[in-house]
Amino acid sequence: FVPCVMVNCYLCNDPLSEQNHSLEHIIQESIGGRLKSRSLICKPCNDKTGSLFDKEFAKFGNILASKYNINRERGAVQPIKAKNLSTGEKLIVAPGYKLASADPKIEVTKDLIKVSHHDKKRVFEEMKKLAKDLDGIEITRKDLQFEITEDDNTEKKFLIDIAIEPNLLLRSVSKTIVNLYIHKTEDYQNCSPLINFLKEDIDNNFCWFLDYGVSKSKHNNSPYHIVIIRGDKKSKMLYAYYEIFGEVGFLTLINGQYKGENQEINYTFDPINITEVNSNYQFNLKASDIIEHLITKPESEMVKCLHH
């Protein structure tokens, strides 16, 4: 946590004060990020970007946050709606990728009415409705007998159907990069092209999906959040790589006319144990590679990530 100092919001340029400052998560809170600062953007800009593109990132990040059952500051990861690919059954994906039927299963025999569901309240509501429909009687919880049954542990392939706007998601990624770069360097000038991408409705020539698998190779597949920023004085390239949960990567060109000194920033966070990890990375890209990726913006990588 970094206290507020007298600086300007990098988005609207208004001076930050006790009246308008905001607590900005540098790594998105939706994926368990804990590094934050009050010296980046004002509350109106935080609210605007949060409802516009950080909200879009959260749709995506929630899927992986659910997989790893991440403990977030603003509450547990919420269950996600999904569909069993084999049967078409509607499912609820609880944190830890625990699956349950979205709809109650009802069995009615001559002597017994049985309702199975993961939500006890839903079971009671269904039983009340059935009792009234079948026998015209009112029941209370005391009339019911509850028992916990074993989960069905058979492996199921499921589809999470969530509509995500890639360009807004990539703007949120870009904001993370700007946040960390300014937090570490207080250099606003060299990241101004990427800031303009956040502020204005311009083409995305800055950020795209590209997975280098850093955590897989460096951290033995640990689901870390990794941000690597490099400034190359010779090639005039300032760029970053952001990997979430060691599974999905994003490459971002911060500035193609970088005028600073050689720069190396490494940030690694373990969202499961909620600790920062000290790591250095041998990560250096050629200007020609960055330009090639900028032009092609691999569609296959985007599709693969969005349908993880």
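For every chain, the first residue of the written sequence is number 1, and numbering continues from 1 along that sequence. Under the rules for a predicted model, residues below a pLDDT of 70 receive no local features and side-chain atom pairs below 80 are neither given nor counted, while totals for whole chains, interfaces and linings still include all residues. Think of the side-chain values as coming from all heavy atoms in the structure, minus any hydrogens and water.

Visitor: Explain the packing of aromatic side chains to me, using residue names and the numbers behind them.
Guide: Any Phe, Tyr or Trp ring, taking Trp's six-membered ring, that has another such ring centre within 6.5 Å forms a pair; planes under 30 degrees apart are called stacked, those over 60 apart edge-to-face, and the others tilted. According to the stated counting rule, one finds eight aromatic pairs in the structure shown. Taking the centre distance of 5.2 Å and the plane angle of 15° together, the rings of Y68 and F245 count as stacked. On the criterion of sequence distance, the pair formed by Y68 in the loop between α1 (43-67) and β3 (80-84) and F245 in the loop between β11 (237-244) and β12 (248-255) is long-range, its members being 177 residues apart. Here's how the labels work: a residue is buried when its accessible area is under 20% of the maximum for its type, exposed when over 50%, partly exposed in between, all with a 1.4 Å probe on protein chains only. For F245, a relative accessible area of 1% gives the class buried. Between the aromatic rings of Y212 and F283, the centroid separation amounts to 5.3 Å while the plane-to-plane angle is 85°, which identifies the pairing as edge-to-face. For helices the rule is a DSSP run of H or I covering at least 4 residues; for strands it is a run of E covering at least 2, with both sets numbered from the N terminus onward.

Visitor: I'd like a description of the sheet that holds strand β13 (residues 263-270), backed by residues and values.
Guide: Spatially, β9-β12-β11-β10-β13-β14 is the arrangement adopted by the six strands of the open sheet, whose pairing is antiparallel. In this open sheet, the two strands that pair with only one neighbour each are β9 (207-209) and β14 (275-276). In short, DSSP must find at least two bridges between two strands for them to pair. The pairing of β13 with β14 spans two bridges and is antiparallel. In the strand pairing of β14, F269 is matched with E276. Lying over the sheet, α1 contacts β11 and β12, oriented at roughly 50° with respect to β11. Packed onto the sheet, helix α6 (residues 287-296) meets β9, β11 and β12 and runs at close to 65° relative to β11. We call two residues in contact when some of their heavy atoms are within 4.5 Å. Lines are fitted to the C-alpha atoms to define the axes, a helix being fitted only along its stretch in contact, and any angle between axes, read from their N-to-C directions, falls within 0 to 180 degrees.

Visitor: So what about the pattern of salt bridges? Which residues, and what values?
Guide: Here, a salt bridge means any Lys or Arg side-chain nitrogen found within 4 Å of an Asp or Glu carboxyl oxygen. Overall, the coordinates contain nine salt bridges when judged by the stated rule. Salt-bridge contacts for E24 lead to K175; the nearest nitrogen and oxygen are separated by 3.1 Å. With E24 in strand β1 (residues 24-25) and K175 in helix α3 (residues 166-185), the pair connects residues that are 151 residues apart, well separated along the chain. Of the residues examined, E24 reaches a relative accessible area of 2% and is grouped as buried. For K175, a relative accessible area of 2% corresponds to the buried category. Here E247 and K67 are joined by a salt bridge, their closest N and O atoms 2.9 Å apart. One end of the pair, E247, is in the loop between β11 and β12; the other, K67, is in helix α1, and 180 residues separate them in sequence. You can call E247 buried: its relative accessible area is 13%.

Visitor: I'd like to hear about α1, residue by residue, with values.
Guide: Over its 25 residues, α1 extends only 31 Å from the first C-alpha to the last, a length that falls short of the 36 Å expected when each residue adds 1.5 Å. We define the bend at each residue as the angle formed by axes fitted to the 7 residues ending at it and the 7 residues starting at it. G50 marks the point of greatest bend in α1, at about 50°. Just downstream of α1 lies N69, where phi reads positive at about 50°. A helix is expected to span 1.5 Å for every residue after the first.

Visitor: Break down the nonpolar core for me, citing the residues and quoting the values.
Guide: Within the largest apolar cluster, 50 residues are counted, with the highest numbers of intra-cluster contacts made by Y10, L169, I229, Y242, I244 and F250. Residue contributions to this core peak at eight residues, all from α3. With near-sequence residues (within four places) excluded, F250 lies in contact with F60, L169, L170, V173, C207, W208, F209, L210, A240, Y241 and Y242. Formed by 16 residues, the second largest nonpolar core is a distinct cluster that contains I226, Y239, Y281 and F283. Side-chain atoms within 4.5 Å link the members of a nonpolar core, which is a set of buried Ala, Val, Leu, Ile, Met, Phe, Trp, Tyr and Cys residues.

Visitor: A description of a positive patch on the surface should follow, citing residues and the corresponding values.
Guide: Note on patches: the residues involved have over 30% relative accessible area and no salt bridge, like charges join within 9 Å, and the nonpolar side chains Val, Leu, Ile, Met, Phe, Trp and Tyr join within 5 Å. Computed by Shrake-Rupley with a 1.4 Å probe, the accessible areas treat only the displayed protein chains as cover when residues are assessed. Residues counted as positive are Lys and Arg, residues counted as negative are Asp and Glu, and His and the chain ends are not counted. For the purpose of locating charges, the reference atoms are NZ of Lys, CZ of Arg, CG of Asp and CD of Glu. On the surface, K120, K121, K128 and R141 cluster together into a patch of positive charge. Within the secondary structure, K128 is located in helix α2 (residues 120-135).

Visitor: Tell me about the environment of V108, and name the residues and values.
Guide: Summarising the element assignment, V108 is placed in strand β6 (residues 105-108). We classify V108 as partly exposed; its relative accessible area is 47%. With residues near it in sequence (within four places) discarded, V108 still touches I113 and L134.

Keep in mind these values describe shape, not function.
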